[in-house]
Amino acid sequence: MASLAPRFVKAALLGASFLGCSAEPRAPGGASPNVAGATAGGAAGSSGATSGGVASLPSSWQPGVTGDPNAVGALPLALITREQYDNTIALIFGQEYGVLAAPIQPAAVLQGETVDQSGFLTVGEISDVNVLRYMDAARAVTDAVAGSLPKLVGCDLATTADDQTCVRAFVTSFGGLLYRRPLEAAEVEQHLAFYAEEQTQLGRTKPAAGAQLVQAMLQSPYFLYRWEQGWKVPEHSATAARLNPYQIASRLSFLFWGSGPDRALLAAAGGGQLDREAGIATQARAMLKSPRAAQALDSFHRQWLGLSSLESSFKDPARFPQWTPQLATAMQSEIQAFTRNVILEGDGKLSSLLGAPFSFLNADLAKIYGIGGIAGSELRKVDLDPSRRAGLLTMPGLLAAASEPSVSNPFKRGKLIYEKVLCQKLEPPPVVPPLPTPDASNPQPVRKVLETMTGGPPCNACHQLINPFGFGLGNFDAIGQYSTSDEAGFPVDASGTLSDGSVFTTPGELAAALGKSTNVRACLTKQWFRFGFGHAESEADTYSLQTAYSAFEGAEFDLRELLVALVTTKSFLNRSVESGEVLP
Amino acid sequence: MNRRYFSRRNFLAASGLGAAMLPLMPSFGRAQAAAPIRRFIAIGVPNGHTDKWRPLGGESDWTINPDADSPLKPLERHKARVNVLGGLWLKNGWDTTYVVANHDPRNFAPGSIGGHAAPPILLSGAVGKPGPAQFDGWEMTAGGASIDAHIAMNQPGAENVKFKPLAMRATRRESASAYISFKGAPVTPGMQNTSGVHDDPVALFKDMFGDGTLNQDDMARVIAGKKHILDFASGHLGQMRQRFGAQNQARIDAHLEAVAKAAQSVSIVASCKTPAAPDPGVDYLDGNHNAQYPSIIKAQIDLAVVAMACDLTRSASMLWSDGANDNISFRWLKDKSAQFDGQAPAGELGGGQIRSHHNLAHHNTGELKNYSDQWFIEQYAYLMDRLAEATDADGRPLIETTVVLYCNMQRSGGGHETQDLFWLMGGNYDDYFKTGRYLRWPSGKDGTSIPQNQVLTSIINGAGCPHLDFFGDAQYGGELALLRG
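So, here is what we can say about the structure in this document. Computed from a prediction, not measured in an experiment: that's the story for all the values here. (Residues numbered from 1 in each chain as written. Chains lettered and ligands numbered in written order. Predicted model: local features only at pLDDT ≥ 70, side-chain atom pairs only at ≥ 80, totals over all residues. Heavy atoms only, no water.)

Further remarks concern the overall build of chain A. Scanning chain A from N- to C-terminus turns up 24 helices and ten strands. The proportion of buried residues among the 584 residues of chain A is 61%. Contacts in chain A between residues at least 24 apart in sequence constitute 72% of all its contacts with a sequence separation of at least 6. Total accessible area computed for chain A in this model is approximately 19600 Å², and 53% of it derives from carbon and sulfur atoms. (Helix = DSSP H or I, 4+ residues; strand = E, 2+ residues; numbered from the N terminus. Buried < 20%, exposed > 50% of the residue type's maximum accessible area, 1.4 Å probe, protein only. Contact = heavy atoms within 4.5 Å. Areas by Shrake-Rupley, 256 points an atom, 1.4 Å probe, with all protein chains shown as cover.)

Have a look at this one:
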């Protein structure tokens, strides 16, 4: 095994270059994390948030900071993501109209998605190419349902005598789902005019004109934008406006389901059930119980922890012949099964998400875990050794995604925890100093080599913050298998101390300690805010964050109650009024 | 009659468009412009260069390193048409407000803004603006248009070509560092204002040539139908716009502009013969783009050349593939070294690992990095080959009217420096530029290096655009007179 040492060190050095480091981390908010490495110093907080494009002051919120109860942040205009597009198409054409037997992925051709400052996917400024691709996606949808046009529209346009009545009813019904609000009378007429023009000006048959109308509606900005500013607001001042019930329905559905609302949710909005916070909370709890909640949960965890690349990860076949696309998919499925179980069926606690000693394994995964007696491809619940495995952070999928092809990478893993689980920020790297060549003739424990390498300035400024977390997961190789030896053949030292005084000696203890950390609890509050609200938090959201956190704390850190609390906050239900905006 | 051919007159008749639409239909015939057509292609690559990349000798007596793994070796056949530019500096990145305001300059050597984060400032020339997180956490974006977009939007006689510019990238990575072509500074603060960027050769081919089977009447109906839908969308955008304040109005305006540009684009049908389509067997939408990478690069080069020959564009850019190239291995180069195959014997340096371009840049500044860079130069040389073979409507080889700029974002892979860069400038616009030279400036750490703006300004002026005293920002100087001899 000792012969692997130089290779490991080389890979780890690569990690160093990913991270970079600087001598003086900034601390704009003055806040120091109370969970970090044993030598943790001041660390950066959130930088200037742009809130999906709306420049605003960064939030200084941390637990206990109450903020201004009257402050209301901006609600930036956002385009739906590819995932939201596909989920909404599946919901409307599949479930609501029954004209799509199996889900399709028309949004695969769409472009312009990037991870923004919130850490979650957003769609950037639109270009002509985006417009062309929206056209292609709409065409893909209408092609997929072409044989079911009479069922979709509600009549056979080729034969019906009263196509006007039929199309009018369709526009009203389908348009409501697609635009996530009732259409006004003039808008319905506008759609009928389009349908007529297709026939009179372009010479299309009625069915062809109907199909064109569907395509046009799929390219309307009312569908493509999460336009939660909307036409109408129930109440507003000069600076703030409350969202109307349909806009609240839209926000709820994108958060809890990853799609637009269904007919029942829109009916609830129309029926006054989303007018008050209590009704919204009731609706939120019901939505969490829907099977659709799983797709939003999966999306959150995949984006939050950067798991999208798992299936396309390359692993060295000489070292890991068991690595296959099927195994990678199983790892992703394991994470989904676990998070769904904890949040939707279990106790919902953050401490369980990060500390529960069980998982869901099939035969391939059981081999990674070194557990016998499990056959087949179906996942089943399995209890695990709590010193080795505890929750999400010790799952092979996450560990493999934050590794090199041949070896693990403590720096990547430490950075992931520091940035994503603790919501801390590292400086961009300066010029990376020349990296030493490892001495192949004198192998050393991996941890010792890396500590020596990063222990002095300028590297230690950042590495002292991240290394303890990476070393704490030092028992896991590049595909997440547990070992008591490191990749150079020396015993693993996974011990460390968090700056809140928690001592850990095993990966399980580290994960469990993080699950009870105030900073991790605060970070999850922020991460769900960013995912659910579609933008990074700003100073105006401080009061809402604290309100949600208090409810989270009051529910013994039950993530479901955090979500319910978030959607009843001032920031979720209100927005600032933009300069120059015309309110009804 | 070849149904795939459209005469300008027949198309106009079929589409019901009159002479008033002539200005929108330029691909059917070029106006008699006084100035010759000038074309431009920019290529962006990350991860720096090695010692063997650098030519030997001086300005006029330079030679390419003769070793087998010499990165520039494939360039030998185009040597007379190329200038090697050594010692450029992305000073606009270093001067970006965000960088100056948020970081202690003592921690950062001049020009050291992370090279992996450089795509937005590579071709824009302007000081950066605050934006989404690029690689390594630099939160910034382009502060102005990139050169490909500037030329496309400002070149006389090119007002109505289909792609303005034709921007492509060989990745679908969800990263801000995966774009080099920008329309300008952000419309919405904090967002990237990229050009429309094509990453799927199949979709791009369809944008160029449709499905190649429609007759003129059907094609006219398709175009009219698309425009009808875009009008419908524009109507809704206009309704939304009325409700917004200034900031969201600006975003809607950008959307309206995009729709208008798309509507113009779909109206322009290629007047040249439809070429072979990209290989349908390639999964161009695969997120990883590893095995498909050579096919994607080749398809995009071929489409760029076709678009130039058919006058569908006069300005293009390609990013190969983002600011780091973490995803790209070179397993197709295993005949050069077994280590590229990811199965080198255990115990060897890097044995068994994927040899991504980024990995190599950090850990192997020898043979493997050289061969990987040689592969990139082969693609560049292939593009030059194609431009030499293909002719425009006047029968002239495209290479005579095209400049192809190969722009690396970093000096070395390990250091991430954005000064002392080595670029290639191929083509000379009918000897407007003097090529066949190796031009070398000081390393730049003392501030004497040449901002890339000067090269960009020279090309913009050489391309016949309205004369610029400077491109991007005045502080970086104007034309580089040396390029003209």
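Still more ground to cover, so stick around.
A few words on the nonpolar core. Residues and elements named next belong to chain A. Residues Phe-256 and Trp-528 are the most contacted members of the largest nonpolar core, which totals 95 residues. Per element, the largest residue contribution to this core is eight residues, and it comes from helix 13 (residues 325–345). Counting residues in hydrophobic clusters, the runner-up holds 66 residues, among them Ile-80, Met-135, Met-217 and Phe-223. (Core = buried A, V, L, I, M, F, W, Y, C linked by side-chain atoms within 4.5 Å.)

Across all of its chains, the model carries 38 aromatic pairs over all chains by this definition. With centroids separated by 4.1 Å and ring planes inclined at 20 degrees, the aromatic side chains of Phe529(A) and Phe533(A) adopt a geometry described as stacked. Taken together, the residues span about one helical turn, with Phe529(A) and Phe533(A) both in helix 21 (residues 518–533) at a distance of four residues. With respect to class, Phe529(A) is no different from Phe533(A); both count as buried. Pairing Trp375(B) with Phe376(B) gives two aromatic rings, centres 5.3 Å apart and planes at 75 degrees, and the pair type is edge-to-face. Since its relative accessible area comes to 0%, Phe376(B) is described here as buried. The rings of Tyr293(B), Trp320(B), Phe330(B), Trp332(B), Phe340(B), Trp375(B) and Phe376(B) are connected pair by pair, giving a single aromatic cluster. Lying across the ring of Tyr97(A), Arg263(A) places its NZ or CZ 5.3 Å from the centre. Geometry around Trp257(A) places Arg292(A) over its ring, the cationic atom sitting 4.5 Å from the centre. (Phe/Tyr/Trp six-rings, centres within 6.5 Å; stacked < 30°, edge-to-face > 60°. Lys NZ or Arg CZ within 6 Å of the ring centre and 35° of its normal.)

For the rest of this paragraph, the subject is the packing of helix 21 of chain A against helix 22 (residues 542–554) of chain A. Residues and elements named next belong to chain A. For the pair helix 21 and helix 22, interaxial distance at closest approach is 10 Å and the crossing angle is 125 degrees. In terms of orientation, helix 21 lies oblique with respect to helix 22. Crossing of helix 21 against helix 22: the hand is right-handed. Residues Thr-518, Arg-521, Ala-522, Thr-525, Lys-526 and Phe-529 of helix 21 pack against Leu-545, Ala-548, Tyr-549 and Phe-552 of helix 22. Partitioning the contact of helix 21 with helix 22 into residue classes produces six nonpolar, two polar and two charged. (Axes fitted to C-alpha atoms, helices over the stretch in contact; angles between N-to-C directions. Parallel < 35°, antiparallel > 145°, perpendicular 65-115°, else oblique. Left-handed = near helix turned anticlockwise from the far one by under 90°. Nonpolar A, V, L, I, M, F, W, Y, C, P; charged D, E, K, R; others polar.)

We now examine the state of the cysteines. Residues and elements named next belong to chain A. Applying the stated rule across the entire model yields three disulfides over all chains. Here Cys-155 engages in a disulfide with Cys-166; their sulfurs sit 2.0 Å apart. Its S-S torsion of about -105 degrees marks the bond between Cys-155 and Cys-166 as left-handed, since a negative value means left-handed. In this pair, Cys-155 is assigned in the loop between helix 4 (149–153) and helix 5 (163–179) and Cys-166 in helix 5, connecting sequence segments eleven residues apart. Classification of Cys-155 as buried rests on a relative accessible area of 14%. Each sulfur of the disulfide joining Cys-423 and Cys-523 lies 2.0 Å from the other. One quick way to see it: the torsion about the S-S bond of Cys-423 and Cys-523 is about 80 degrees, and its sign makes the bridge right-handed. One end of the pair, Cys-423, is in the loop between helix 17 (410–421) and helix 18 (446–454); the other, Cys-523, is in helix 21, with 100 residues separating them in the sequence. Each of the two residues, Cys-423 as well as Cys-523, counts as buried. (Disulfide = S-S within 2.5 Å.)

Attention now moves to the side chain of Thr569(A). You can see Thr569(A) is positioned in the loop between helix 23 (559–566) and helix 24 (570–573). Excluding residues that lie within four positions of it along the chain, Thr569(A) makes contacts with Phe533(A), Ser544(A) and Ala548(A).

Let us now look at the environment of Ser315(B). All names here are of chain B. For Ser-315, the location among the structural elements is in strand 7 (residues 315–319). On the basis of relative accessible area, Ser-315 is assigned to the buried category, the value being 1%. In contact with Ser-315, not counting residues within four places along its chain, are Phe-40, Asp-148, Ile-151, Ala-152, Phe-163, Pro-165, Leu-166 and Met-308.

The next point concerns the packing of helix 22 of chain A against helix 23 of chain A. Residue and element names in this part refer to chain A. Where helix 22 meets helix 23, the axes come as close as 8 Å, and the angle between the chain directions of the two elements is 150 degrees. Regarding the angle of helix 22 to helix 23, the classification is roughly antiparallel. Here helix 22 runs over helix 23; the crossing is right-handed. In this structure, helix 22 uses Ala-548, Ala-551 and Phe-552 to contact helix 23, whose residues at the interface are Leu-559, Leu-562, Ala-565 and Leu-566. Partitioning the contact of helix 22 with helix 23 into residue classes produces seven nonpolar, no polar and no charged.

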